Amino acid sequence: MSKQVIMPKPGTKIDLSTFDPDFNDDYHKSGAREALKSLQKRMRELQAMLYAQGTQSLLIVLQAMDAGGKDGTIRRVFEGVNPQGVRVTSFKKPTEEELAHDFLWRVHQHTPRKGFIGIFNRSHYEDVLVVRVNELVPQSVWEKRYDHINHFEKLLADSGTRILKFFLHISKEEQKERLQERLDIPEKRWKFSLGDLPVRQKWDAYMHAYEDVLTRCNTEYAPWYIVPANKKWFRNLIIARAIVETLEDMNLAYPEPEADLEGVVIPD
Ligand code: AMP
Ligand code: MG
């Protein structure tokens, strides 16, 4: 299998038809799972330091089509990480109150505070995806949002937040199988929404909107990863690896104890 770029350089024009959702870099399931385990062990160590140090944060953005694996990624990649230092935010259809503000208002409130990992299950990118595809606002409004987003993410980056954005890339056939499974397996049926079907019908329009996002909002300070996500075990491996590599690069360390703790004995 030939190599595939997972982290395109900023400025690259993205054509998703050239990214294979089945790509697995010649990994096998068992090898990928072993590799994931050791990455998770390291992730736990690094997260403990991030939390103790309390000066930087990490924001992880997950975007995908329905059944693309956002929930599964959160469940599997972050298992064993101390929940005290992680906040997951799922962005749904905006409320009336949220719609009465600019589109980043509701998002900014949930960016991770120092020491924390923030995970966005959907994000401000919905405002140039579902909103664009369904023309919920005029083009003159959504067209400006790519710049707004880049500036917003720069503000976060300049404020000590590292940002990683993952597009979980599944094929239309894979989505069909996963949605059908939601119907067929009683324990999964709660996840099925009839509203997912009209969205699926607009698959090509969504891919086009994603291509613009991946082209226009891929920056050095907030890069996009195009994660081949038909194979859940490969998706998990790629995301865990990107997170560990980023945390390794953040100069994390436990804070120095106060000097005058020397010789302190806890009284009876
Ligand atoms: P789910 O992730 O399955 O719980 O579904 C959440 C729904 O909220 C999806 O259909 C999203 O497209 C929708 N959603 C999220 N953000 C927005 C937004 N800014 N505008 C409109 N719909 C949104
Ligand atoms: Mg859904």
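Residues numbered from 1 in each chain as written. Chains lettered and ligands numbered in written order. Predicted model: local features only at pLDDT ≥ 70, side-chain atom pairs only at ≥ 80, totals over all residues. Heavy atoms only, no water.

1. A word on the pattern of salt bridges
How we decide: Salt bridge criterion: a side-chain nitrogen from Lys or Arg within 4 Å of a carboxyl oxygen from Asp or Glu. Helical segments are the DSSP runs of H or I of at least four residues, strand segments are the runs of E of at least two, and each set is numbered from the N terminus. Partly exposed describes any residue whose relative accessible area lies between the buried limit of under 20% and the exposed limit of over 50%, with all areas from a 1.4 Å probe on protein chains only and scaled to the type maximum.
Using the criterion set out here, one finds 19 salt bridges in the structure. Taking the shortest distance from any N to any O, the salt bridge between Arg122 and Asp66 comes out at 3.1 Å. With a gap of 56 residues between them, Arg122 in the loop between β3 (117-121) and α5 (130-133) and Asp66 in the loop between β1 (57-64) and α2 (70-77) connect regions that are remote in the sequence. With relative accessibility at 22%, the residue Arg122 sits in the partly exposed group. A relative accessible area of 13% means that Asp66 is categorised as buried. It is possible to trace a salt-bridge network through shared partners that takes in Lys41, Arg42, Glu45 and Glu248.

2. Brief notes about helix α1 (residues 29-53)
Along an α-helix, residues three or four positions apart point the same way, because every turn accommodates 3.6 residues. Where we set the bar: Given a helix with a known number of residues, its expected span is that number minus one, times 1.5 Å. Residues count as neighbours in contact if any of their non-hydrogen atoms are within 4.5 Å of one another.
Between the first and last C-alpha of α1 there are 35 Å, a value that for 25 residues agrees with the 36 Å anticipated at 1.5 Å per step. Where α1 is concerned, the buried positions are Ala32, Leu36, Leu39, Gln40, Met43, Leu46, Gln47, Met49 and Leu50. Those residues of α1 hidden inside the fold are in contact with β1, α2, β2 (86-90), β3 and α11 (232-248). Trailing α1 by a residue or two, Gly54 shows a phi angle of about 65 degrees, which is positive.

3. Description of the site of ligand 1
For clarity, the threshold we go by: Nearness is defined per residue: one heavy atom within 4 Å of the molecule or strand is enough. As used in this structure description, the phrase polar contact means that two N or O atoms lie within 3.5 Å; if the pair is within protein, one of them must be able to donate a hydrogen and the other to accept it, and residues adjacent in sequence are counted only when both atoms belong to side chains. Per-residue and other accessible areas follow the Shrake-Rupley method at a 1.4 Å probe size, with only the shown protein chains counted as cover for residues. Under this grouping Gly is polar, as are all residues other than the nonpolar Ala, Val, Leu, Ile, Met, Phe, Trp, Tyr, Cys and Pro and the charged Asp, Glu, Lys and Arg.
Surveying the vicinity of ligand 1 reveals the residues Phe91, Lys92, Lys93, Pro94, Arg106, Arg122, Glu126, Asp127, Val130 and Val131. Contacts to ligand 1 include Lys92, whose side-chain N or O atom sits 2.4 Å from an oxygen atom. Arg106 places a polar side-chain atom, nitrogen or oxygen, 3.1 Å from a nitrogen atom of ligand 1. Surface burial for ligand 1 is 73%, taken as the share of its 500 Å² of free accessible area covered by protein chains. Among the residues forming the shell around ligand 1, the class breakdown is four nonpolar, no polar and six charged.

Shape is all these values report; function is a separate question.
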